[in-house]
Amino acid sequence: MVPTLTTSTSSQGHKEEAEVHRVLLGKKQILVTEDEPLLPQLERAGVLVEYQCREGYCSSCMIKLLWGKVSYPVEPLAWVHSGYLLTCCAIVKSDIEIALLG
Amino acid sequence: MSYSTFNRKKFDSLQQPMFFGENVNVARYDQQKYPIFEKLIEKQLSFFWRPEEVDLSNDRKDFVKLEEHEQHIFLSNLKYQTLLDSVQGRSPNVALLPIVSLPELETWIETWSFSETIHSRSYTHIIRNIVNDPTKVFDDIIVNDEIAKRAVSVSKYYDDLIELVSLYNTMGLGVHHVPEHGDITVSMKALKKALYLTVASVNVLEAIRFYVSFACSFAFAERTLMEGNAKIIKLIARDEALHLNGTQHMLNLMTSGRDDPEMAVIAQECKQDVIDIFVEAAQQEKEWAQYLFKDGSMIGLNAQILGQYVEYITNVRMQTVGLEPYFSTKNNPIPWINAWLVSDNVQVAPQEAEISSYLVGQIDNDLDGADFDDFDL
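Residues numbered from 1 in each chain as written. Chains lettered and ligands numbered in written order. Predicted model: local features only at pLDDT ≥ 70, side-chain atom pairs only at ≥ 80, totals over all residues. Heavy atoms only, no water.

A. The packing of aromatic side chains, seen in detail. Counted by the stated rule, this structure contains 11 aromatic pairs over all chains. Ring geometry for tyrosine 34 of chain B and phenylalanine 37 of chain B: centres 6.4 Å apart, planes at 80 degrees, overall edge-to-face. Grouping aromatic residues by their ring pairs yields a cluster made of Phe63, Phe74 and Phe220 of chain B. Looking at arginine 54 of chain A, its charged tip hangs above the ring of tyrosine 51 of chain A, at a distance of 4.5 Å from the centre. Between arginine 238 of chain B and the ring centre of phenylalanine 47 of chain B, over which it is positioned, the NZ or CZ distance is 4.2 Å. (Phe/Tyr/Trp six-rings, centres within 6.5 Å; stacked < 30°, edge-to-face > 60°. Lys NZ or Arg CZ within 6 Å of the ring centre and 35° of its normal.)

Rendered as structure tokens:
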């Protein structure tokens, strides 16, 4: 009764080079992949972003999306206004420019 | 227009606005106008916790050793939180259930309010565990001037709405004379305006008012003091973030006009009132920080830093409901607080938790390396 999956999408996806996009933030430029949401990648780049729940319901990590494309693998519970994104769950899909709130 | 606990009319609940449509009849969730509210219910239920799961015996020892001004900070925050959750444990039900028109929203309101009653019970649990005479702490809530000021601000919009709705339900629309209150005009516009301001005020309550207390609790825990309390506050903060999501959705749906076009007009007219509610709350929180630290600060926190944090968080919250930030503060002066507020490492089940002091009473929490000296594999 062991399912014979493998070989299909997951392993193929792994072989492909992860796509890299540029994130512009003021004068900074950060390279990110589509492998994980924006928040941990910004944190590793030393950008302090507000956060709380890290799972899309508290809105604390909301920032401005000036241009470019992001997507949400799971629709977040928080209300996302147009022109904004939730860093904790948004996957960057193109080069983008962002601005922190404040 | 009197309220009915089971509206006998047949109507399509998908065509109802959130509030001031038909009274809800069948509590059904097979079809939903706004599925977000059921998602919030599910999330809230998955968060369920009981105060008694958190062991506070170490907190009692810590509390006795705190300096007097630190005890003042700790107890004052608990009193203020007790006030806030006393209001929140009943008011969404009393004010909003008589006027709600969607089953999923009705159930969200009840689930939300219920979770606030757990918070209230947790304050009793904490106070009972750290002081010999809890009565003194609770009795002061009603006579303490600093708390009384805030009680007015957090309850007045609820009270106005409740008065208008009860007049509407008994007398209908029109001008009614109420002894000691004078002539009160009950119009749909007045009702909707009172509702909008109430939701805005509750949004601010959950967005800003708890956070000065939260910061103090976590500042104690950073010094490995009052860690059981911090564990409880973490659970409360997780719930509050979800409640905030609920009021943000209500406000954004109202403002967009998608739900009720007249609400969009009212939202536009009340924009300055909402900004004022945010600013008044921020001001009161800053004054609260002054009161907390009147006899001395604590390591890592003082009234000025907390004031900046209040301004920063107010800016963030204003933007989530489509307003421009009000204060000039651009940065979080206490970024370490986020590591405490993050909920992904909150575990309620005793065997899963990482902070030792949360364990239930029968387990020894005081372990050190030497305890394993006679342990062989």
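B. The arrangement of the packing of helix H7 (residues 188–209) of chain B against helix H10 (residues 261–269) of chain B in detail. All names here are of chain B. Two numbers describe how H7 lies on H10: the axes approach to 10 Å, and their chain directions differ by 60 degrees. The angle between H7 and H10 falls in the class oblique. In the crossing of H7 with H10, the sense of the turn from one axis to the other is right-handed. Mapping the contact onto sequence places Lys189, Lys192, Lys193, Leu195 and Tyr196 in H7 and Glu262, Met263, Ile266, Ala267 and Glu269 in H10. (Axes fitted to C-alpha atoms, helices over the stretch in contact; angles between N-to-C directions. Helix = DSSP H or I, 4+ residues; strand = E, 2+ residues; numbered from the N terminus. Parallel < 35°, antiparallel > 145°, perpendicular 65-115°, else oblique. Left-handed = near helix turned anticlockwise from the far one by under 90°. Contact = heavy atoms within 4.5 Å.)

C. Local environment of the pattern of salt bridges. Residue and element names in this part refer to chain B. This model, assessed by the stated rule, comprises 20 salt bridges over all chains. As a salt-bridge pair, lysine 9 and glutamate 22 come within 3.0 Å of each other at their nearest N and O atoms. Of the two residues, lysine 9 sits in the segment before helix H1 (36–46) while glutamate 22 sits in the segment before H1, which places them 13 residues apart along the sequence. Between glutamate 70 and arginine 223 there is a salt bridge, with its nearest N and O atoms 2.9 Å apart. Of the two residues, glutamate 70 is situated in helix H3 (residues 68–96) and arginine 223 in the loop between helix H8 (211–222) and helix H9 (227–256); the sequence distance between them amounts to 153 residues. (Salt bridge = Lys/Arg side-chain N within 4 Å of Asp/Glu carboxyl O.)

D. Here's a closer look at the confidence of the model for chain B. The predicted model of chain B has a mean per-residue pLDDT of 92, with 94% of residues at 70 or higher. Per-residue pLDDT stays below 50 along residues 348–362 of chain B; that stretch engages in 35 contacts with residues further than four places along the chain or on separate chains. (pLDDT = per-residue confidence, 0-100.)

E. Representation of the interface of chain B and chain A. The interface is formed by 35 residues belonging to chain B together with 21 residues belonging to chain A. Of the roughly 2300 Å² buried between chain B and chain A, counting both surfaces, carbon and sulfur atoms make up 53%. As a salt-bridge pair, glutamate 55 of chain A and lysine 43 of chain B come within 2.6 Å of each other at their nearest N and O atoms. On inspection of chain B and its partner chain A, the count reaches 11 residue pairs in polar contact (both at pLDDT 80 or more). Among the secondary structure elements, those contributing two or more residues to the side of chain B that touches chain A are H1, H9, helix H12 (303–320) and helix H13 (337–341) of chain B. Of the residues forming the side of chain B that touches chain A, the biggest block, nine residues, is contributed by H9 of chain B. Among the residues forming the side of chain B that touches chain A, the class breakdown is 16 nonpolar, 12 polar and seven charged. (Buried area = accessible area lost by both parts, 1.4 Å probe. Polar contact = N/O pair within 3.5 Å; in protein donor to acceptor, adjacent residues only side chain to side chain. Nonpolar A, V, L, I, M, F, W, Y, C, P; charged D, E, K, R; others polar.)

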